[in-house]
Amino acid sequence: PKTSSIKHDIPFQMLKPIPQSKYPSITDEEERLSLPLQTLCCAIFDAILVHMMNTASSPSVWQKLKGDIVNSLNKQKIPNTLKILETTYGTSDIITLQEVSSSFIQQAKDSAILGARYHVIYPTDIDPARDQNSVILLKKSIFPDGSQEEVTDLVTLSFDKGISVPVAKGDLLAITAVSNEGVPFVICSFHGDTNGLATIPVVDAVMKAIKGNVNGSPDTPDLSKHRLIFGLDANTYETGVPNKKQGVTEFGEHYSTLGLNSCWGSIPNPKNYTTFNARTYLQPQLNKACKSTDKRAYGDINPKDFILFRRDDFIVSKTWKDNTGDGTYTENMAFPTLDFPSDHGILATILTTTKKRL
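Computed from a predicted structure; not experimentally measured.

Lay out the overall build of the protein in plain terms, naming residues and giving numbers.
For the protein, the helix and strand inventory stands at 10 helices and 11 strands. Relative to the compact-globule value of 21 Å for 358 residues, the protein shows a C-alpha radius of gyration of 22 Å, a close match. Projected onto the principal axes, the alpha-carbon positions of the protein cover approximately 65 × 45 × 45 Å. Split into buried and exposed, the 358 residues of the protein put 39% on the buried side. Taking the intrachain contacts of the protein between residues at least 6 apart in sequence as the baseline, contacts between residues at least 24 apart amount to 70%. If the 37 positive side-chain charges of the protein are averaged to one point and the 39 negative ones to another, these points end up 3 Å apart.

Structure representation (structure tokens):
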């Protein structure tokens, strides 16, 4: 992405009309009035929140707390994330990231540490509106030429025909790269939809694309000799609901049938959580809110994150997760925190090449 100049907008100018084509239940008049209605509703909602806080506390207390949260999780989110990557994970050969903003990409490229040490690779078809993109960092000393080719389109063309896969623009990045030892790789980064329903179709499509079987086309490349590294926010759940939420056990069973393994093994532990967060009532989606005493029961506490690879290529030497930024994971701790800016834990794994591929 190119560096752009700063644009100053009044908040209401950042609102967008709500189209009836996307939300059929609204009327023509509601669509026509959607901008002033949004402005009015935002003002009412903000007034309610301020009233609630002033009733439950005092401005001198809650405004300082809010300022600390905004500074850490909004204003300083990118610098804090870059610091963790630079210090704790700055020796990694491959880093896959999801839901990355274009601002983060630019700052990573400009970083005196990350930019000098890594190729920062992002989708050609980057998403400027949602601004949530999957990104891959390749260590320059290991992959001196960076990305050889982006093959994201090969993957999306490999989706089963007639099936709608909920993958948004920027969610998937797939590339090829060659190591300094001449070993070819396919490296993928993927952010699954909220319910994880795209995860299995995307994994299936990646494997079809690697085999050169892109819906019967004879002109697609054969990547079968490439080694696969696939980092993903799979959005899998401890307990799945058929056709509604992707269960982690079922996901493990499925990728095992494809000849894949994961950093968690072929049978992932459903209680090996990589998210632990809950929403308060001080946000608009009240249906997702809960009391602090109920966050364990009603929060998003699930095993959602994976690093996949072909079991004939690698074996796992060590895997760990991190929700502190210093390489450790504190169980039963809600995050993000003022020190850790992500709502997903970091996964790290050390892989050893199998004798089959030496």
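Account for a nonpolar patch on the surface, with residues named and values stated.
Together, Leu40, Ile44, Ile48, Met52, Tyr281, Leu282 and Leu286 give the surface a local cluster of nonpolar side chains, amounting to about 630 Å² of exposed area. The residue Ile48 is located in helix α2 (residues 34–56) in this model. Ile48 sits in the partly exposed class, given a relative accessible area of 44%.

Give a description of the nonpolar core that names residues and reports values.
Among the nonpolar cores identified, the biggest contains 31 residues, and Val202, Leu228, Phe230, Leu232, Phe251 and Leu308 are the most heavily contacted of them. At the level of elements, α7 (152–156), β5 (172–178), β6 (184–191), α8 (199–210), β7 (227–233), α9 (248–257) and β9 (305–310) are the ones that each hand at least two residues to this core. Top element by residues in this core is α8. It accounts for 8 residues. For Leu228, the residues in contact, after removing those within four places along its chain, are Val186, Cys188, Val206, Met207, Ile210, Leu260, Leu308, Phe309, Arg310, Asp313 and Phe314. Counting residues in each nonpolar core, the second largest holds 14 residues, with Ile95, Leu97, Val100 and Ala108 among its members.

Which residues make up the packing of helix α3 (residues 59–75) against helix α4 (residues 77–87), and what are the values?
Relative orientation and spacing of two packed helices are given, respectively, by the angle between their axes and the distance between those axes. At a minimum axis separation of 5 Å, α3 and α4 run at an interaxial angle of 60°. Between α3 and α4, the interaxial angle falls into the category oblique. The residues of α4 that touch α3, namely those facing Ser72, Leu73, Asn74 and Lys75, are Lys77, Pro79 and Asn80. Of the residues assigned to the contact of α3 with α4, the class counts are 2 nonpolar, 3 polar and 2 charged.

I'd love a proper account of unusual backbone geometry, names of residues and values included.
Residue Phe335 is joined to Pro336 through a cis peptide bond whose omega torsion reads 15°. In this structure, Pro336 sits in the loop between β10 (314–322) and β11 (346–353). At Asp131, a residue that is not glycine, the phi angle is positive and equals roughly 55°. By relative accessible area, Asp131 is classed as partly exposed at 23%. Positive phi, close to 65°, is recorded for Asn332, a residue that is not glycine. When you line up the elements, Asn332 lands in the loop between β10 and β11.

Can you lay out the pattern of salt bridges for me, pointing to particular residues and giving the numbers?
By the definition in use, this model includes 10 salt bridges. Residues Asp313 and Arg310 are paired through a salt bridge, measuring 3.5 Å at the closest nitrogen-oxygen approach. Arg310 carries the same exposure label as Asp313, and that label is buried. Here the residues in one salt-bridge network are Asp127, Arg130 and Asp171, joined through shared partners.

Describe the packing of α4 against helix α5 (residues 102–110), listing the residues and the values that go with them.
Axis separation between α4 and α5 bottoms out at 10 Å; the angle between their running directions is 45°. As far as their axial angle goes, α5 and α4 are oblique. The chirality of how α4 crosses α5 is right-handed. Of the residues in α5, those in contact with Ile78, Thr81, Leu82 and Leu85 of α4 are Ser103, Phe104, Gln107 and Ala108.

Thresholds applied
Residues numbered from 1 in each chain as written. Predicted model: local features only at pLDDT ≥ 70, side-chain atom pairs only at ≥ 80, totals over all residues. Heavy atoms only, no water. Helix = DSSP H or I, 4+ residues; strand = E, 2+ residues; numbered from the N terminus. Rg over C-alpha atoms; globule rule 2.2 N^0.38 Å. Buried < 20%, exposed > 50% of the residue type's maximum accessible area, 1.4 Å probe, protein only. Contact = heavy atoms within 4.5 Å. Lys, Arg positive; Asp, Glu negative; His and termini not counted. Charge placed at Lys NZ, Arg CZ, Asp CG, Glu CD. Patch = residues over 30% accessible without salt bridge, like charges linked within 9 Å, V, L, I, M, F, W, Y side chains within 5 Å. Areas by Shrake-Rupley, 256 points an atom, 1.4 Å probe, with all protein chains shown as cover. Salt bridge = Lys/Arg side-chain N within 4 Å of Asp/Glu carboxyl O. Core = buried A, V, L, I, M, F, W, Y, C linked by side-chain atoms within 4.5 Å. Axes fitted to C-alpha atoms, helices over the stretch in contact; angles between N-to-C directions. Parallel < 35°, antiparallel > 145°, perpendicular 65-115°, else oblique. Nonpolar A, V, L, I, M, F, W, Y, C, P; charged D, E, K, R; others polar. Left-handed = near helix turned anticlockwise from the far one by under 90°.

None of the figures reported here should be taken as evidence of function without further support.
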